[in-house]
Amino acid sequence: MTPAVGDRPRIVVRADASARIGLGHLRRCTALGRRLQAAGAAVHFLTRTEGIDSAQETGGFADAYVALDPALPVRDDAALTAAYCHSVGATRLIVDHYHADEHYQRVLLDSGVPWLQFDGAASMPLWADWIVSMSPAADEARYRALQCRPQTRLLLGPHYAILREECLQRRGSLRPVSPQAERLLITFGGGDDRGACLASLEAIRHAGRFETTILTSGYNPHISSIRVQLERTVGFRGRLLIDDTDVARRMTEADIAITAGGTTTFEMAMLGLPMLIIQIADNQRANAQAWQRTGVAVDLGPLEELNMDRLRDQLVGLAGDPARREQMSMLGRQCVDGLGAERIARELCPEIGVLS
């Protein structure tokens, strides 16, 4: 039953996106916001974006969307966020960006608005009412040591991964495991891939056997270079897709993926797609290493230290090992079941009842 208008929880989402930091923060908040909206909550967005069509990313929230000045100082950001929450009568706040340091959090604490904070680093004191870390590397003892308030709820691990609806619709789809993998997916998220696609193509240039799909977005500054490299690669079998609208389908069609260590790994894990991970940012290291420890992926280390021969050898070896690919697929599905947004929504707004 949808709550009456006057009783609806009002939730403000404060999230960032840019070609440099990627779209993962904004996309997971949008997916969570849609889940909350479907259950009867009123959801507002405050975003700082640079070079991103944020209106497109947050479609469905146009009537409650405010774009912040990218140059807004962090201290002013915290005060503005708190003031906006009070102006719309927010009952909850969701914070998902890299600027929520201790001072920022203390401003929110003084405002009296309960808030949920995404955190993947576990590197500073944490004052929020809820802390979410989707990473398989999230360590409860480490977070407990940083917890400043006893009532803070820790929501840790891949069971709290928030996935896009297009991926959820393919949850549980069968993935046949062929004796020899031939379909390769290369994707490094929705922003600047730091040259990782180019490096991957160079590494597998002589692997030869793969039908390759490269997914990237119009926000990637390396698209022209990727096109040039593809034109120069004799016998390349594959395609370059820019701003593809059916990413989940490409994941289900592939046998193996080469990807970054960010939010895309959770989608691939739920869809049972074996991964080779190249870390394109420092904050992906713990995530990538944890996926390898759980058996879901192979961590190839930071992009700047990438060993081309190792990437090629790992890809060719995994392609010819169906038993290992099947094991990786099973472990990925066990780690990520696709119900993360549901679990977080229940924690955040128990007053709206059980979501369906």
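Residues numbered from 1 in each chain as written. Predicted model: local features only at pLDDT ≥ 70, side-chain atom pairs only at ≥ 80, totals over all residues. Heavy atoms only, no water.

**Comments concerning the packing of helix H7 (residues 196-203) against helix H12 (residues 308-319)**
Argument step 1. Direction vectors running N to C along H7 and H12 enclose 70°, while the axes themselves pass 9 Å from each other. By the angle between their axes, H7 is roughly perpendicular relative to H12. Regarding H7 and H12, the two cross each other, and that crossing is right-handed. Contacts from Ala199, Ser200, Glu202 and Ala203 of H7 reach H12 at Met308, Leu311 and Arg312.
Argument step 2. Class assignment of the residues belonging to the contact of H7 with H12 gives a composition of four nonpolar, one polar and two charged. (Axes fitted to C-alpha atoms, helices over the stretch in contact; angles between N-to-C directions. Helix = DSSP H or I, 4+ residues; strand = E, 2+ residues; numbered from the N terminus. Parallel < 35°, antiparallel > 145°, perpendicular 65-115°, else oblique. Left-handed = near helix turned anticlockwise from the far one by under 90°. Contact = heavy atoms within 4.5 Å. Nonpolar A, V, L, I, M, F, W, Y, C, P; charged D, E, K, R; others polar.)

**Overview of the sheet that holds strand S3 (residues 65-67)**
Argument step 1. A sheet is described by the order of its strands in space; here seven strands give the open sequence S3-S2-S1-S4-S5-S6-S7, paired in parallel fashion. Single-partner strands in this sheet number two, and they are S3 and strand S7 (153-156). Looking at each pair of strands side by side, their axes are set apart by 15° on average, direction ignored.
Argument step 2. Examined bridge by bridge, strand S1 (residues 10-18) and strand S4 (residues 92-96) share five bridges and lie parallel to one another. From the neighbouring strand, Val12 faces S4, where its bridge partner is Leu93.
Argument step 3. Sheet strands in contact with helix H4 (residues 102-111) are S1, S4 and strand S5 (115-118), and its direction is about 165° off that of S5. (Pairing = 2+ DSSP bridges.)

**Observations regarding helix H3 (residues 74-87)**
Each α-helix turn comprises 3.6 residues. Residues three or four places apart therefore point the same way.
Argument step 1. Over its 14 residues, H3 extends 20 Å from the first C-alpha to the last, a length consistent with the 20 Å expected when each residue adds 1.5 Å.
Argument step 2. Turning to H3, its buried residues are Asp77, Ala78, Thr81, Ala82, Tyr84 and Cys85. Buried residues in H3, looked at end-on, bunch into an arc of 160°, giving them a common side. Turned more than 90 degrees away from the buried face of H3, the exposed residues are Arg75, His86 and Ser87.
Argument step 3. Residues of H3 that are buried sit in contact with S1, strand S2 (42-50), S3, S4 and H4.
Argument step 4. Note on H3: the residue one or two positions beyond its end, Gly89, has a positive phi of about 70°. (Expected span 1.5 Å × (residues − 1). Buried < 20%, exposed > 50% of the residue type's maximum accessible area, 1.4 Å probe, protein only. Arc of directions from axis to C-beta.)

**Some remarks on the packing of aromatic side chains**
Argument step 1. All chains considered together, the criterion is met by one aromatic pair.
Argument step 2. On the numbers, 5.4 Å between centres and 65° between planes, the contact of Phe266 with Trp291 is edge-to-face. Residue Phe266 is located in helix H10 (residues 264-270), and its partner Trp291 is located in helix H11 (residues 285-293); the two are separated by 25 residues in the primary sequence. The two residues Phe266 and Trp291 agree in class, both being buried. (Phe/Tyr/Trp six-rings, centres within 6.5 Å; stacked < 30°, edge-to-face > 60°.)

**Focus on the packing of H3 against H4**
Argument step 1. One can describe the packing of H3 onto H4 by two numbers: an axis separation of 9 Å at closest approach and a directional angle of 20°. Between H3 and H4, the interaxial angle falls into the category roughly parallel. As for how H3 packs across H4, the hand of that crossing is right-handed. Of H4, the residues touching H3 (which contributes Val74, Arg75, Asp77, Ala78, Ala79, Thr81, Ala82 and His86) are His103, Tyr104, Val107, Leu108 and Ser111.
Argument step 2. Looking at the contact of H3 with H4 residue by residue, the classes come out as seven nonpolar, four polar and two charged.

**A short note on the confidence of the model for the chain**
Argument step 1. Confidence along the chain averages 91 in pLDDT terms, with 95% of residues attaining 70 or more.
Argument step 2. Here residues 1-5 is modelled with pLDDT under 50, and outside its nearest four sequence neighbours on either side it reaches five contacts, counting other chains as well. (pLDDT = per-residue confidence, 0-100.)

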